[in-house]
Amino acid sequence: MAGRPRKKPEYNPELQFNNFLQELRDAYEEADSLRSLADELNISLLKLRKLLITADVFTSDICTEINNLHQSEKRFRRL
């Protein structure tokens, strides 16, 4: 049984998100500060940081430590 036809068959959420991340990267390179960019986009500073980390643009010592812990947990689960 086929499902209901899509209202927007050309819509690709993954492509949309990747395009958004690219626009965010470009805006980040031109921004004076994270706070001013967050204000311009009308999102919280934490949300902006999360999106920039997802876009592989922003990193910090804490981000690196969390990623390392996450990777070691994945390896531990496989054993």
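What you see as residue numbers is a count from 1 along each chain, following the sequence as written. Confidence filtering applies because this is a predicted model: local features only for residues at pLDDT of at least 70, side-chain atom pairs given and counted only at 80 or more, and all residues used for totals across whole chains, interfaces and linings. The side-chain numbers reported here are obtained from all heavy atoms of the structure, hydrogens and water having been left aside.

(A) The arrangement of the overall build of the chain in detail. For the purposes of this entry, the term helix denotes a DSSP run of H or I that reaches at least four residues, the term strand denotes a run of E that reaches at least two, and both are numbered from the N terminus. Within the chain, the regular secondary structure consists of four helices and zero strands. When the helices and strands of the chain are read in sequence order from the N terminus, they spell out α-α-α-α. We take the radius of gyration over the C-alpha atoms and set the globule estimate at 2.2 Å times the residue count to the 0.38 power. Compactness check: the chain gives a C-alpha radius of gyration of 18 Å against a globular reference of 12 Å for 79 residues, more than 25% above the reference. For every residue, the accessible area obtained with a 1.4 Å probe (protein chains only) is divided by the maximum for its type, and the residue is called buried under 20%, exposed over 50%, and partly exposed between those limits. For the chain, the proportion of its 79 residues judged to be buried stands at 14%. Two residues form a contact once any of their heavy atoms are found within 4.5 Å. Residue pairs at least 24 apart in sequence account for 44% of intrachain contacts in the chain once pairs closer than 6 positions are excluded. With residues, only the protein chains shown are counted as cover, and all accessible areas are computed by Shrake-Rupley using a 1.4 Å probe. By element, 51% of the accessible surface of the chain is carried by carbon and sulfur atoms, the whole surface being about 7,200 Å².

(B) Summary view of helix H1 (residues 13-30). A helix is expected to span 1.5 Å for every residue after the first. Here H1 is 18 residues long and its end C-alpha atoms lie 26 Å apart, about the 26 Å a rise of 1.5 Å per residue gives. By the criterion applied in these results, polar contacts are pairs of N or O atoms within 3.5 Å in which, for protein atoms, one can donate a hydrogen and the other can accept it, and in which residues neighboring in sequence qualify only through two side-chain atoms. Where H1 begins, the capping side chain belongs to Asn-12, and its oxygen is found 3.1 Å from the backbone nitrogen of Glu-14.

(C) Quick look at the packing of H1 against helix H3 (residues 45-54). Lines fitted to the C-alpha atoms define the axes, with helices restricted to the stretch that makes contact. Angles between their N-to-C directions range from 0 to 180 degrees. At their nearest, the axes of H1 and H3 sit 10 Å apart, and the two run at 110 degrees to each other. Here H1 is positioned roughly perpendicular relative to H3, judged by the angle of their axes. When H1 is examined against H3, the residues Phe-17, Phe-20, Leu-21, Leu-24 and Tyr-28 are found in contact with a partner set consisting of Leu-48, Leu-51, Leu-52 and Thr-54. Three classes are used: nonpolar for Ala, Val, Leu, Ile, Met, Phe, Trp, Tyr, Cys and Pro, charged for Asp, Glu, Lys and Arg, and polar for all others, with Gly counted as polar. Among the residues making up the contact of H1 with H3, the classes are represented as eight nonpolar, one polar and no charged. Note on angle classes: values under 35 degrees are labelled roughly parallel, values over 145 roughly antiparallel, values of 65 to 115 roughly perpendicular, and the remainder oblique.

(D) Looking closely at the nonpolar core. Put simply, a nonpolar core is a bunch of buried Ala, Val, Leu, Ile, Met, Phe, Trp, Tyr and Cys residues held in one set by side-chain atoms that sit within 4.5 Å of each other. Listed in full, the 10 residues of the largest apolar core are Leu-21, Leu-24, Leu-34, Leu-37, Ala-38, Leu-48, Leu-51, Leu-52, Ala-55 and Phe-58. If you list the elements that add at least two residues to this core, you get H1, helix H2 (34-41) and H3.

This is a description of form; function is not addressed.
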